[in-house]
Amino acid sequence: MLISATIGACALVLSATPSLSAGSSAATMPDYVTSAVRTAGANGNEIERAWRTVPHAQRTGMAFLIEHMPAHDLRTLDAEFLLEHVDYAYRAWESSPWKGRVSRELFLNGILPYYSVTEPRDRWRPILRETCLEIVAGSKSPSEAAVRLNQEIFPHYGVIYSKERSRNDQSVSQVVEEQKATCTGLSVLLTHACRSVGVPARLVGTPLWADSSGNHSWVEVWDGEWFYTGAAEPAGDRLNDVWFGDRAARAQKDVPVHAIYATSYERTGTIFPMSWDLNVHYVHGVNVTDRYAPRTTGRTGTDRKALVRFVAYDQREERVPTRIEVRDTSGARVFAGVTRSDRADMNDHLTARLQPGREYVVHVDVGNMTRTVPCRTSADGEPMTLRVDVHAAANGWGRPGSGMEESKE
């Protein structure tokens, strides 16, 4: 399904929120608009035309976009793109049942923005809006609408998680056309789907989990406060319920590479670091680590758990669903579950929370057989990952160590 042509590449240079009096005239451009027109160079006429043509009631939104617009976008986006985008954004906000709960500031920074990170620019609003309106029909709150979108927008477009996507930071049209994406592309689609129906939303992520197991992106939506959810990973009708909660709880606010950030169109003085290009310094964000990893003391003894993650893979090194059961030395079952397939996020693993420094026996179901292997959790509670070679397990584990590989993190 083709959404639209891509509009340029991404570069973000943000500044402070513009101050605009209600009586400003389209004939008299504020200094920041004049400056933006100069920065736009040969495209200056398009930026000026967008400013002069926008309806008075939408002038604040256009002013916000122009004042904060990346230099590259000033040089490439045309007036039609900007006018269409602003018009659809205002309609989304003003027609939503929860408009009275969404301030102008939330609208400007949470609904109006036309990008999330470094994805190519495209005209996603006209296509997403009609589809998303049908999905959220009858929703009484932004959170209810966001839950419905997360449940239905990905199946609607046939989009699945896959590392075979064209790039990390896909645009909406690329995600829909390729029907595959990883966490960032999925989050871009869900963020814009929410914005298309007036739900304030923003992309959130960490460049590297504190245990160095990888990066991740997800989405926050506003409903009186910010709630979070994994894109294409709905937890029933719940928000703030994600597979990466344990990892997020270990985030480190004062270590930039291990902190958690929410994107912001508006300048914040904080860079939003992106694992696919840590040299990009023009995407701004807010450090929201405390929401996920509140500072606590006294987490010792029985409060501390050892995280054990299980990954099962076949001869092609693809993850396959495999039933895992963990028993203690008395034979009592303490954990059971099924490992994730290759359609789950690459860092989403079946995870057991066990007592540190204990002996356990792991039971692996392979076909009609059950294989067992001993496991000892780390005494200091550090996470560990057990990789199950299903082919080796089916053949009696093969050579020593080939069926179950253990790694500390």
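Before reading further, recall that the structure is shown in the block above.
Residues numbered from 1 in each chain as written. Predicted model: local features only at pLDDT ≥ 70, side-chain atom pairs only at ≥ 80, totals over all residues. Heavy atoms only, no water.

Colleague: Can you help me understand the pattern of salt bridges in this one?
Modeller: Pairing is possible between side chains that carry opposite charge, provided their charged atoms lie close to one another. Under the definition given, this model contains 24 salt bridges. The salt bridge partner of R121 is D73, with a shortest N-O separation of 2.9 Å. With R121 in strand β2 (residues 121-122) and D73 in helix α4 (residues 71-76), the pair connects residues that are 48 residues apart, well separated along the chain. For E325, the salt bridge goes to R327, with nearest N and O atoms at 2.6 Å. Connected through shared salt-bridge partners, R323, E325, R327, R333 and D365 make up one network. (Salt bridge = Lys/Arg side-chain N within 4 Å of Asp/Glu carboxyl O. Helix = DSSP H or I, 4+ residues; strand = E, 2+ residues; numbered from the N terminus.)

Colleague: Just checking my understanding: could you explain the packing of helix α5 (residues 79-95) against helix α7 (residues 125-136) for this structure?
Modeller: A pair of packed helices is characterised by two quantities: the angle between their axes and the separation of those axes. Between α5 and α7, the least distance of the axes is 10 Å, while the angle of their chain directions is 20°. In this view, α5 runs roughly parallel relative to α7, as classed from their interaxial angle. Between α5 and α7 lies a crossing whose hand is left-handed. Contact with α5, carried on its side by E84, H85, Y88, A89, R91, A92 and S95, involves R125, P126 and R129 of α7 and no other residues of that element. Residues that form the contact of α5 with α7 fall into these classes: four nonpolar, two polar and four charged. (Axes fitted to C-alpha atoms, helices over the stretch in contact; angles between N-to-C directions. Parallel < 35°, antiparallel > 145°, perpendicular 65-115°, else oblique. Left-handed = near helix turned anticlockwise from the far one by under 90°. Contact = heavy atoms within 4.5 Å. Nonpolar A, V, L, I, M, F, W, Y, C, P; charged D, E, K, R; others polar.)

Colleague: I would appreciate a short explanation of the side chain of H258 in the present structure.
Modeller: Position of H258 relative to the elements: it lies in the loop between α11 (245-248) and β8 (261-264). The buried category is assigned to H258, whose relative accessible area is 12%. A polar side-chain atom of H258 sits 3.3 Å from the main-chain carbonyl oxygen of W209. In this structure, H258 is in contact with T206, L208, W209, A210, S212, A251 and Q252, ignoring residues within four places of it in sequence. (Buried < 20%, exposed > 50% of the residue type's maximum accessible area, 1.4 Å probe, protein only. Polar contact = N/O pair within 3.5 Å; in protein donor to acceptor, adjacent residues only side chain to side chain.)

Colleague: Can you help me understand the packing of aromatic side chains in this one?
Modeller: Within a pair of aromatic rings, the relevant descriptors are the distance that separates the centres and the angle that separates the planes. As enumerated under the stated definition, the model contains 17 aromatic pairs in all. Between Y114 and Y265 the ring centres are 6.0 Å apart and the planes differ by 70°, which places this aromatic pair in the edge-to-face class. Taken together, the residues Y114 in the loop between α6 (104-110) and β2 and Y265 in the loop between β8 and β9 (284-287) connect sequence positions 151 residues apart. For the residue pair Y114 and Y265, the accessibility class agrees, reading buried in each case. Seen from their ring centres, Y261 and F272 are 6.5 Å apart, and the 75° between their planes marks the pair as edge-to-face. Taken together, the residues span a long stretch of sequence, with Y261 in strand β8 and F272 in the loop between β8 and β9 at a distance of eleven residues. F272 matches Y261 in its accessibility class, with the two residues each being buried. (Phe/Tyr/Trp six-rings, centres within 6.5 Å; stacked < 30°, edge-to-face > 60°.)

Colleague: Explain the sheet that holds strand β15 (residues 369-376) to me, please; I cannot follow it from the model alone.
Modeller: In any sheet, the strands associate via hydrogen bonds between backbone groups, in a parallel or an antiparallel arrangement. Spatially, the four strands line up as an open sheet ordered β12-β11-β14-β15, and their pairing is antiparallel. The two strands at the open ends of the sheet, each matched to only one other strand, are β12 (333-338) and β15. Here the average twist between neighbouring strands, direction ignored, is 20°. Pairing of strand β14 (residues 359-366) with β15, which is carried by eight bridges, proceeds in the antiparallel orientation. In the strand pairing of β15, V361 is matched with P374. (Pairing = 2+ DSSP bridges.)

Colleague: Any chance you could explain the nonpolar core here in plain terms?
Modeller: Proteins that are soluble and globular tend to have nonpolar side chains buried together. With 77 residues, the main nonpolar core has M69 and L149 as its most contacted residues. In terms of residue count, the dominant contributor to this core is α5 (eight residues). Listed in part, the 19 residues of the second largest apolar core include A312, L350, V373 and M384. (Core = buried A, V, L, I, M, F, W, Y, C linked by side-chain atoms within 4.5 Å.)

Colleague: Whenever I open this one, the pairing of strand β7 (residues 226-229) confuses me. Can you help?
Modeller: Consecutive side chains along a regular strand alternate between the two faces of the sheet. Two strands pair when backbone bridges link them, and strand β6 (residues 216-222) and β7 are joined in this way by four bridges, in the antiparallel orientation. Residue pairing in the sheet places V219 in a bridge with T229 of β7. Between β6 and β7, which follow one another and run antiparallel, lie three residues, and G224 among them has a positive phi close to 85°.

Colleague: Is there a simple way to explain helix α2 (residues 44-53) in this structure?
Modeller: Residue pairs spaced three or four apart in an α-helix point in one direction, given the helix's 3.6 residues per turn. Turning to α2, its buried residues are G44, I47, A50 and W51. Projected onto a plane normal to the axis of α2, the buried residues spread over an arc of 130° and lie on a single side. Elements in contact with the buried residues of α2: α1 (31-40), α3 (59-68), α4 and α5. (Arc of directions from axis to C-beta.)

Colleague: Would you explain the sheet that holds β9 in this entry?
Modeller: Taken together, the five strands give an open sheet; going across it, the order is β7-β6-β5-β8-β9, and neighbouring strands pair in antiparallel fashion. Looking at which strands have only one partner, the edges of the open sheet turn out to be β7 and β9. Neighbour to neighbour, the strand axes of the sheet diverge by 35° on average, direction disregarded.

Colleague: Would you explain unusual backbone geometry in this entry?
Modeller: In terms of backbone geometry, most residues other than glycine have negative phi values and most peptide bonds are trans. Despite not being glycine, S212 has its phi angle at roughly 60°, a positive value. Structurally, the position occupied by S212 is in the loop between β5 (201-206) and β6. Phi angles above zero are rare outside glycine, and A232 is one such case at about 65°. Relative to the elements of secondary structure, A232 occurs in the loop between β7 and α11. Looking at A232, the relative accessible area reads 32%, which means it is partly exposed.

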